[in-house]
Amino acid sequence: MPEPSTRRWRSDREIALRAQLGVFRRGAGDPTSRFAQDGTVTRAAQTPEGVGTLHLVCRPGESEVLAQAWGPGASWLLEAVPALLGDEDDPSGFEPHHDVVAEAWRRFSHWRVPRSGLVVDALVPAVIEQKVTGQEAFAGYRVLVRRYGVAAPGPFPGLMAPPTAAAWAAVPSWAWLQASVDGARSRTVVRAMGYAGRLEEGARVSVAEAHRRLRALPGIGVWTAAEVAQRALGDPDSVSFGDYHVAKDIGWALTGTPVDDEGLAELLEPYRGHRYRVQHLLGLAGQHRPRRGPRMAPRTHLPTRTR
């Protein structure tokens, strides 16, 4: 086994790896990431320089991170560590206007908006998550990555890197259906992969231009673009409008009453420039409205067999 490339990086704030990187984990069974009991985090990704695995170690309450990386994308992943851990995020000007936001900011003042710089990495699972339960989306992503992804470099048996853009585009229609991803979502992914190079450039242009490029593609709307911007672009203002839970949860947290997207926009207007920061801080603080009723059962998108 080749020795890993390494980097030590020290921040001027506490680094809590789970809180910082949890947004990249697509369910507990995500084959592309591992959040270990010892607090370490491991991610596999397709970078502009090829596949790579990144392993991060940071003791609780400390600010120095030991990063190890394997594969052709190792150097790229190590270079991106500060941004991934939120070093490019600037919270200056953020002022809580609600007690619950102030308390969340007090508890999680070390958290910063991450920036992976990998648009396709964030886009594909976001499309798969459109208009379905998290349980269904995570299961579908897991099936597809295990079937069409590649073994992650390094000493992590079972860890998988997601498919390349070309491999995503080549997934046959029946495989999407077997993973419970309907035709509308699979067509969106396949179509987007034809523009993968231009979409990846979105990490090097303005957030507004990146949003424009994403939303120019059929099947990618406000919610999907925001989910990408929150992870790949490090945008502290991209709110998940259109989400089944977000508006209701934030409305409940700030006013005691769930709201719709219009009400959410009004509530978050005083935070413009930091609206996603509020969304995520409240999530970290566990500010979710009480859930009632049974879970939705996973659906199947396999065609009915005719006799």
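Above this text you will find the structure in question.
Residues numbered from 1 in each chain as written. Predicted model: local features only at pLDDT ≥ 70, side-chain atom pairs only at ≥ 80, totals over all residues. Heavy atoms only, no water.

## Side note on the environment of Pro82
Piece 1. Note that Pro82 resides in helix 3 (residues 81-84).
Piece 2. A relative accessible area of 12% means that Pro82 is categorised as buried.
Piece 3. Sequence separation between Pro82 and Ser116 is 34 residues; the distance between their C-alpha atoms is 9.6 Å.
Piece 4. Here Pro82 is in contact with Arg7, Trp9 and Asp87, once residues within four sequence places are set aside. (Helix = DSSP H or I, 4+ residues; strand = E, 2+ residues; numbered from the N terminus. Buried < 20%, exposed > 50% of the residue type's maximum accessible area, 1.4 Å probe, protein only. Contact = heavy atoms within 4.5 Å.)

## A word on the sheet that holds strand 1 (residues 5-10)
Piece 1. Spatially, the 5 strands line up as an open sheet ordered 1-5-4-3-2, and their pairing is antiparallel. Edge strands, defined here as strands with exactly one partner in the open sheet, are strand 1 and strand 2 (33-35). The mean inter-strand angle of the sheet, taken between neighbouring strand axes irrespective of direction, is 20°. (Pairing = 2+ DSSP bridges. Axes fitted to C-alpha atoms, helices over the stretch in contact; angles between N-to-C directions.)

## A few points about the side chain of Ser116
Piece 1. With respect to the helices, strands and loops of the structure, Ser116 is situated in the loop between helix 4 (99-107) and helix 5 (119-128).
Piece 2. For Ser116, a relative accessible area of 5% puts it in the buried group.
Piece 3. Looking at Ser116, its side chain comes within polar contact range of the main-chain nitrogen of Leu118, at 3.1 Å.
Piece 4. The residues contacting Ser116, other than those within four sequence positions of it, are Phe24, Trp76, Leu84, Arg231 and Ala232. (Polar contact = N/O pair within 3.5 Å; in protein donor to acceptor, adjacent residues only side chain to side chain.)

## Details of the packing of aromatic side chains
Piece 1. Applying the stated criterion across every chain, the model contains 6 aromatic pairs.
Piece 2. For the pair Tyr141 and Trp168, a centre-to-centre distance of 6.3 Å together with 20° between the ring planes defines the contact as stacked. Taken as a pair, Tyr141 in helix 6 (residues 134-148) and Trp168 in helix 7 (residues 165-169) lie far apart in primary sequence, 27 residues in all. Just as Tyr141 is buried, Trp168 falls in that class too.
Piece 3. Pairing Trp168 with Trp176 gives two aromatic rings, centres 5.8 Å apart and planes at 25°, and the pair type is stacked. When sorted by exposure, Trp168 lands in the same class as Trp176, which is buried.
Piece 4. Lying over the aromatic face of Tyr244, Lys248 brings its terminal NZ or CZ to 4.6 Å of the ring centre.
Piece 5. In this arrangement the basic side chain of Arg277 is found over the ring face of Phe94, its NZ or CZ atom lying 5.8 Å from the centre. (Phe/Tyr/Trp six-rings, centres within 6.5 Å; stacked < 30°, edge-to-face > 60°. Lys NZ or Arg CZ within 6 Å of the ring centre and 35° of its normal.)

## What to know about helix 12 (residues 222-233)
An α-helix turns once per 3.6 residues; consequently, residues spaced three or four apart project the same way.
Piece 1. Burial of helix 12 is extensive: 11 of the 12 residues sit out of reach of the surface.
Piece 2. Those residues of helix 12 that fall on the buried side of the exposure criterion are Trp223, Thr224, Ala225, Ala226, Glu227, Val228, Ala229, Gln230, Arg231, Ala232 and Leu233.
Piece 3. In this structure, the buried residues of helix 12 make contact with helix 5, helix 11 (207-215) and helix 15 (275-284).
Piece 4. Positioned one or two residues after helix 12, Gly234 has a phi angle of 65°, which is positive.

## Looking at the nonpolar core
Piece 1. Residues Leu21, Leu54, Leu56 and Leu85 are the most contacted members of the largest nonpolar core, which totals 48 residues.
Piece 2. Broken down by element, the residue count for this core peaks at 5 residues, all from helix 13 (residues 246-255).
Piece 3. In this view, Leu54 contacts Val41, Thr42, Arg43, Ala67, Gln68, Ala69, Leu77, Leu78, Val81 and Leu84; residues no more than four positions away in its chain are not counted.
Piece 4. Of all hydrophobic cores here, the second largest spans 34 residues; its members include Trp176, Val189, Ala232 and Leu233. (Core = buried A, V, L, I, M, F, W, Y, C linked by side-chain atoms within 4.5 Å.)

## Quick look at the pattern of salt bridges
Piece 1. Applying the stated rule across the entire model yields 17 salt bridges.
Piece 2. Residue Glu64 pairs with Arg8 through a salt bridge whose shortest N-O separation is 3.3 Å. Of this pair, Glu64 sits in strand 5 (residues 64-70) while Arg8 is found in strand 1, placing the two residues 56 residues apart along the sequence.
Piece 3. When its relative accessible area of 28% is taken as the criterion, Glu64 is described as partly exposed.
Piece 4. Linking Glu227 and Arg231 is a salt bridge whose minimum nitrogen-to-oxygen distance equals 3.0 Å. Of this pair, Glu227 and Arg231 both sit in helix 12, separated by 4 residues, roughly a single helical turn. (Salt bridge = Lys/Arg side-chain N within 4 Å of Asp/Glu carboxyl O.)

## Some points on helix 13
Piece 1. Here helix 13 lies mainly inside the structure; 7 of its 10 residues are buried.
Piece 2. For helix 13, the set of buried residues is Val246, Ala247, Asp249, Ile250, Gly251, Ala253 and Leu254.
Piece 3. In this structure, the buried side of helix 13 is in contact with helix 4, helix 14 (261-268) and helix 15.
Piece 4. The first or second residue beyond helix 13 is Gly256, which carries a positive phi of 90°.

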